[in-house]
Amino acid sequence: MSLHFIDYIVLAVYFGFVLGIGWFLRKNVTSSSDFLTSGHSLPLWITSLAFLAANMGALEMIGMCGSGAKYGMMTSHFYWVGAIPAMLFVGVFMMPFYYGSKARSVPEYLKLRFDEKTRGFNAITFAVMTIFSSGISMYALGILLQAIFGWSFTFSVLASAGIVLAYTYLGGLSSAIYNEVLQFFLIVAGFAPLAILSVEKAGGWAGVSSRLSPVMTESWRHMAKASDNPMGVEIMGLVMGLGFVLSFGYWCTNYLVVQRAMAARNMTDARNTPIVGAFPKMLVPFIVIVPGIAAAALATMGVGYAIPLKNGGPDYDKVLFTLMQQFYPSGMLGIGLTALVASFMSGMAGNVTAFNTVWTYDIYQSYIRKNAPDSHYLWMGRMATIFGTGLSIGAAYLAQSFNNMMDFLQLIFGFVNAPLFATFLLGMFWKRATGNGAFTGLLAGTAAAAATYGMTLAEGKGGFLGVVQTFPSSMAQNFWVAINAWTVCFVVTIVVSMMGRARAEEELVGLVYGVTKHEAETAVWYKRPAVLATLAAAACIALNFVFF
């Protein structure tokens, strides 16, 4: 990839800007709450864009563009089925309990609702998940810097880790959130032109459609049977696996994104954070998926573009890089690369700041050193930022074994978020759920995920316990890992809870839907969560019909 002086200037300005944000915000960090939770002080437009941008790291940019080339328009399901409904649900129904309970994290809510062991199990599994997610972002940025500058992969990973560590160490969560907002605008500026140029080169959307099988440009028509589409899933697997279990598990229980809403300055803003974020989220497929579909069309046209290869097969993770190299002139290439760098760095920072909060409050303060001065927990939060970054570097090397990063991420979510969503669903909406039921259910659900992965095979992955079923794609395998994990956790939690004694209703006020009195919404009608959620749902349904 050939860069010119103006491209390096754009990159240098960005690096200076993100470090400057951390340096400027460091003076506002005087307590562990300032560093780890932003003191619940940020306005709605900041938290909603950060809520959206926290999920626009490696998965969104490289992973989704590569999946567009691999799976076609069916990839849009990760937004219009696998994100929007869950974002609206968490804003309307779940944020009142997260924000109203005054919990500092998702695991802490589990302690308030259930017990300490449930909180500890979730804190540990979530910490592991954030390390893997951060490592995937680090891997993506490493191969990008390797392609740009010709650096070794190791040096590229260490350089990116050092910059993220610097600004998160200085400014904490606020620094990560403000950089996520900057990242959102950079992504729009850096990738919207790529979508336009690549589709135009392929002859417009009509040209793309004429050069590809209809299964690549339609989202719903070819899902009667798994063998009819490249993703290898049928409607049941998609709706239950992605649309319900993985989607709701991620958006409703993943502290990485919930943390952004909990940083809002009041309850209405906290509830509106994911709902307002849903509107731009619907349009993201046109920026990140459509270029991948266009790349698949261009590869058939003999115009000098081909999907890169890796180990004898397609290397979908490099589709976005090669498109930029093909279409972007100097200056514009610098903006596009800066947008990529921003998305990966904010993905790393988002996971690291979620990790340091859970480690400090839910593991260190709870089990290692209780009742220490707040200044000590501020120090520990900063130390957690350092060793969390170090662990992420190790995870970056593991990500090299997958040819599509989104496949790897969805597998991780199936192990952690899928059973956790069953726990939250029962905990928030069924007062009879007990701590023993929740803990046993989580253990059983996680074990079910491991068993499903170990007894199935897809693209050479899994099957270490013996192959009972073979899936046509890793994504189909991931969906059923998630479905089985959620189902087992849900059933086991109910059975064990019915065998135990439920907590008194007065202890569940503010934690469970049925026993909590909800105050009337005071915001004007067009700012009310229910109104905004209805509008967003209608727009999302319309998009599904347009690309049916």
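Residues numbered from 1 in each chain as written. Predicted model: local features only at pLDDT ≥ 70, side-chain atom pairs only at ≥ 80, totals over all residues. Heavy atoms only, no water.

**Describing the overall build of the chain**
So, point 1. Across its full length, the chain holds 22 helices and 5 strands.
So, point 2. The C-alpha atoms of the chain give a radius of gyration of 22 Å, which matches the 24 Å a tight globule of 548 residues would have.
So, point 3. Considered along the principal axes of its C-alpha atoms, the chain spans approximately 70 × 55 × 50 Å.
So, point 4. Counting only contacts in the chain whose residues sit at least 6 apart along the sequence, the fraction spanning at least 24 positions is 81%.
So, point 5. A total of about 19,200 Å² of accessible surface is found on the chain, and carbon and sulfur atoms cover 67% of it.
So, point 6. Averaging the positions of the 30 positive and the 23 negative side-chain charges in the chain gives two centres separated by 4 Å. (Helix = DSSP H or I, 4+ residues; strand = E, 2+ residues; numbered from the N terminus. Rg over C-alpha atoms; globule rule 2.2 N^0.38 Å. Contact = heavy atoms within 4.5 Å. Areas by Shrake-Rupley, 256 points an atom, 1.4 Å probe, with all protein chains shown as cover. Lys, Arg positive; Asp, Glu negative; His and termini not counted. Charge placed at Lys NZ, Arg CZ, Asp CG, Glu CD.)

**Thoughts on the side chain of Ser105**
So, point 1. Looking at where Ser105 falls in the secondary structure, it is placed in the loop between helix 6 (84–100) and helix 7 (106–113).
So, point 2. Relative accessible area serves as the criterion here: at 0%, Ser105 is assigned to the buried category.
So, point 3. A polar side-chain atom of Ser105 sits 2.5 Å from a polar atom in the side chain of Asp362.
So, point 4. When sequence neighbours within four positions are dropped, the list of residues in contact with Ser105 reads Tyr255, Met262 and Asp362. (Buried < 20%, exposed > 50% of the residue type's maximum accessible area, 1.4 Å probe, protein only. Polar contact = N/O pair within 3.5 Å; in protein donor to acceptor, adjacent residues only side chain to side chain.)

**Section: the layout of surface pockets**
Over the atoms rolls a probe the size of a water molecule, and its path tells where empty space is left.
So, point 1. Approximately 230 Å³ is the volume found for the second largest pocket.
So, point 2. Contributions of two or more residues to the lining of the second largest pocket are made by helix 8 (116–149), helix 19 (405–429) and helix 20 (435–454).
So, point 3. Looking at the lining of the second largest pocket residue by residue, the class counts come to 13 nonpolar, 3 polar and no charged. (1 Å grid on protein atoms, 1.4 Å probe; cavity = no way out; pocket = protein on both sides within 12 Å on 5 of 7 lines; lining within 4 Å. Points joined across faces, edges and corners; volume = space filled by probe spheres on them. Nonpolar A, V, L, I, M, F, W, Y, C, P; charged D, E, K, R; others polar.)

**Some words on the nonpolar core**
So, point 1. Counting 187 residues, the largest nonpolar core has Tyr98, Phe191 and Leu340 as its most contacted members.
So, point 2. Here this core takes 17 residues from helix 17 (residues 332–368), the largest share from any one element.
So, point 3. Here Leu340 is in contact with Met61, Ile62, Leu144, Phe191, Leu320, Phe321 and Met324, once residues within four sequence places are set aside.
So, point 4. Ranked by size, the runner-up nonpolar core spans 5 residues in total, among them Val29, Phe35, Leu36 and Leu378. (Core = buried A, V, L, I, M, F, W, Y, C linked by side-chain atoms within 4.5 Å.)

**Here we look at the state of the cysteines**
So, point 1. The full count for this structure, using the stated rule, is 0 disulfides.
So, point 2. Here Cys252 stays free of any disulfide, with the sulfur of Cys540 as its closest cysteine sulfur at 14 Å.
So, point 3. With a relative accessible area of 0%, Cys252 lands in the buried category. (Disulfide = S-S within 2.5 Å.)

**Overview of the environment of Glu505**
So, point 1. Here Glu505 is to be found in the loop between helix 21 (474–499) and helix 22 (529–546).
So, point 2. Put simply, Glu505 and Lys431 are 74 residues apart on the chain and 7.5 Å apart in space, counted from C-alpha to C-alpha.

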